[in-house]
Amino acid sequence: MTAKRVSYTLDSSLQSVNTAEETAQLLAAKAGFDEDNCLRISMAVREAAVNAVLHGNAYDPNKKMTVAFENTGRALVITITDEGRGLDVSKVPDPTTPENLLKQSGRGIFLMRSFMDEVRIRLLAPGTEITMVKNVSGPAEHHKEASK
Amino acid sequence: MSMKSMTRQVNGITIVDLSGRITLGEGSVLLRDMVRDLVTKGQRKILLNLGDVTYIDSSGIGELVSAFTTVRNQGGELKLLNLTKKVHDMLQITKLYTVFDVKDDEAAAVAAFK
């Protein structure tokens, strides 16, 4: 299958978060994912978009969020970029440990990692780039294929 | 669909029927304000009926946690009723399922308050 890539540049608003989520749902279905995986993908995209708009760009009207979707045929690769101060992932605590369990926030990246097969976070200058991968046949199948 | 809430009283327990999406923005703010309002009015036994909640994100989960601790810090109890699969899965993934007292029968939930 030929790789297809679409990219959107969006304002730092809640409306953009909803747009990113809805687009992810549509493109995941188009890529052939079942209903449960479409939901997981769109939830991960929502969390990454919230991260970009709220924690990254802090709703700054002069800063944009970029959301790119690439269907490689074997996976859906989603990249979300902001123009904020940059996210130091080493400082994000595990939200499932007893001391963090009752904290109000800090679950976004954990959920992205739970819902997707691969999550990479890269610091830009300025900003943060989050790349999330969902394999069409699931992680085990993908690794089997890759090791052949 | 944005979040909606209806409040009713059963045997001294405040039951809040929530529907729609509990997400960053309108839904999570509505939930926060509603719980704070109930606590301010002296309601200490609150049952959140999530049976018609179609979607929840990390902000919504955070608001459930915040509601739980707000009520508990006032010496009260907050329980959850009728989790949909989506909400149930989110609570399982985030390891919060055992933190909350979760019920699937309203009468049993009401009776479980101390």
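Here, the structure is the one placed above.
In this report, we go over the structure that sits alongside the text. (Residues numbered from 1 in each chain as written. Chains lettered and ligands numbered in written order. Predicted model: local features only at pLDDT ≥ 70, side-chain atom pairs only at ≥ 80, totals over all residues. Heavy atoms only, no water.)

1. A look at the sheet that holds strand S4 (residues 77-81) of chain B
Residue and element names in this part refer to chain B.
Then step 1. Pairing is mixed across the open sheet formed by five strands, whose spatial order is S1-S2-S3-S4-S5. Strands with a single pairing partner mark the edges of an open sheet, and in this sheet they are strand S1 (4-10) and strand S5 (101-103). Neighbour-to-neighbour, the strand axes of the sheet open up by a mean angle of 25 degrees, direction not taken into account.
Then step 2. Judged from the five bridges that link them, strand S3 (residues 45-56) and S4 form a sheet pairing that is parallel. Across the sheet, the residue bridging to Ile-46 is Leu-78, located in S4.
Then step 3. Together, strand S2 (13-22), S3 and S4 form the strand contacts of helix H2 (residues 58-73), whose direction differs from that of S3 by roughly 180 degrees.
Then step 4. Along the sheet face, helix H3 (residues 85-93) touches S3 and S4 and points at about 105 degrees away from the line of S3. (Pairing = 2+ DSSP bridges. Helix = DSSP H or I, 4+ residues; strand = E, 2+ residues; numbered from the N terminus. Axes fitted to C-alpha atoms, helices over the stretch in contact; angles between N-to-C directions. Contact = heavy atoms within 4.5 Å.)

2. Description of the pairing of S3 of chain B
Residues and elements named next belong to chain B.
Then step 1. As defined by bridge partners, S2 adjoins S3 across eight bridges and the pair is classed as parallel. The partner of Ile-22 across the bridge, within S3, is Ile-56.
Then step 2. This β-α-β element, S2 to helix H1 (residues 26-40) to S3, shows right-handed connectivity.
Then step 3. Each parallel crossover has a hand, and for S3 linked through H2 to S4 it is right-handed. (Right-handed = clockwise from strand over helix to strand, strands pointing away.)

3. Some thoughts on the pattern of salt bridges
Then step 1. Across all of its chains, the model carries 15 salt bridges over all chains by this definition.
Then step 2. Among the salt bridges present, the one from Lys-41 of chain B reaches Asp-37 of chain B, with a minimum N-O distance of 3.0 Å.
Then step 3. Note that Lys-79 of chain B is salt-bridged to Glu-77 of chain B, the shortest N-O span being 2.9 Å. Comparing Lys-79 of chain B with Glu-77 of chain B shows no difference in burial state: the two are buried.
Then step 4. Several salt bridges share partner residues, and in doing so they unite Glu-21 and Arg-46 of chain A together with Arg-21 and Asp-57 of chain B into one network. (Salt bridge = Lys/Arg side-chain N within 4 Å of Asp/Glu carboxyl O. Buried < 20%, exposed > 50% of the residue type's maximum accessible area, 1.4 Å probe, protein only.)

4. A closer look at the nonpolar core
Among soluble globular proteins, nonpolar side chains are generally buried collectively.
Then step 1. Met-132 of chain A together with Leu-18, Leu-48 and Leu-50 of chain B are the most contacted members of the largest nonpolar core, which totals 63 residues.
Then step 2. Sorting elements by how many residues they give to this core places helix H2 (residues 35-56) of chain A first, with eleven residues.
Then step 3. Excluding residues within four positions of it along the chain, Leu-48 of chain B makes contact with Val-16, Leu-18, Leu-31, Met-34, Leu-64, Leu-78, Lys-79, Leu-80 and Leu-81 of chain B.
Then step 4. By size, the runner-up hydrophobic cluster in this structure holds seven residues, among which are Ile-15, Leu-47, Leu-81 and Phe-113 of chain B. (Core = buried A, V, L, I, M, F, W, Y, C linked by side-chain atoms within 4.5 Å.)

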